[in-house]
Amino acid sequence: MKESMQLNNNDPVLAPEIQDMIMSNRIGIIAAELAKRLGVMPAEALKMFYASQTCADLHDKATGLYLYGNLYVADEFMRELGDF
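Now for a description of the structure that goes with this document. (Residues numbered from 1 in each chain as written. Predicted model: local features only at pLDDT ≥ 70, side-chain atom pairs only at ≥ 80, totals over all residues. Heavy atoms only, no water.)

### Description of the packing of helix α2 (residues 16–38) against helix α5 (residues 70–82)
Following both chains from N to C, one finds α2 and α5 inclined at 50 degrees, their axes separated by 9 Å at the closest point. The angle between α2 and α5 falls in the class oblique. Regarding α2 and α5, the two cross each other, and that crossing is right-handed. Contact residues: α2 offers Arg26, Ile29, Ile30, Glu33, Leu34, Arg37 and Leu38, while α5 offers Asn70, Leu71, Val73, Ala74, Asp75, Phe77, Met78 and Leu81. Its residues assigned to classes, the contact of α2 with α5 comprises ten nonpolar, one polar and four charged. (Axes fitted to C-alpha atoms, helices over the stretch in contact; angles between N-to-C directions. Helix = DSSP H or I, 4+ residues; strand = E, 2+ residues; numbered from the N terminus. Parallel < 35°, antiparallel > 145°, perpendicular 65-115°, else oblique. Left-handed = near helix turned anticlockwise from the far one by under 90°. Contact = heavy atoms within 4.5 Å. Nonpolar A, V, L, I, M, F, W, Y, C, P; charged D, E, K, R; others polar.)

Laid out in C-alpha cells, this is it:
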C-alpha cells in the first residue's frame, strides 16, 4: 500500500505544472467547440468561456466538473448561456 502511494506521489502527471498544461489544453478544445457552435471566432469564444460560471466550476475541484469530457463542459456552457 505504501509503495503504491509513493508511486503516485512521484507521478510527473500529477505535478501542478503538468495539470495546468492539461487544463489549458482542455479549455482550448472547449473554446474551439464553442466557436463552432456559436459561430464566433475562437478568441471570442475563449473570452466568453473564461468569463463564465462554467469555467469557474471547471477550475473548482469541489464541483467535479473537471471529471467530465470537453463536450459535456461545452454543453454546460451552452446551458448557462441560455440562462441569460
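What follows continues from the structure just given.
### Here we look at the packing of α2 against helix α3 (residues 42–50)
Running from amino to carboxyl end, α2 crosses α3 at an angle of 110 degrees, the nearest separation of the two axes being 8 Å. In terms of axis orientation, α2 runs roughly perpendicular to α3. As α2 packs across α3, the resulting crossing turns out to be right-handed. Taking contact as the criterion, the partners of Ile27, Ile30, Ala31, Leu34, Ala35 and Leu38 in α2 are, on α3, Pro42, Ala45, Leu46, Met48, Phe49 and Tyr50. Of the residues that constitute the contact of α2 with α3, the class distribution is twelve nonpolar, no polar and no charged.

### Points about the pattern of salt bridges
Throughout the structure, instances matching the rule amount to three salt bridges. Close ionic contact of Arg37 with Glu33 constitutes a salt bridge, the shortest N to O distance being 2.8 Å. Of the two residues, Arg37 and Glu33 both sit in helix α2, four residues apart, roughly one turn of that helix. Exposure remark for Glu33: the relative accessible area of 18% places this residue in the buried category. (Salt bridge = Lys/Arg side-chain N within 4 Å of Asp/Glu carboxyl O. Buried < 20%, exposed > 50% of the residue type's maximum accessible area, 1.4 Å probe, protein only.)

### Re the side chain of Arg26
Looking at where Arg26 falls in the secondary structure, it is placed in helix α2. Salt bridges are absent for the buried Arg26, whose nearest opposite-charge side chain, Asp75, sits at 12 Å. (Lys, Arg positive; Asp, Glu negative; His and termini not counted.)

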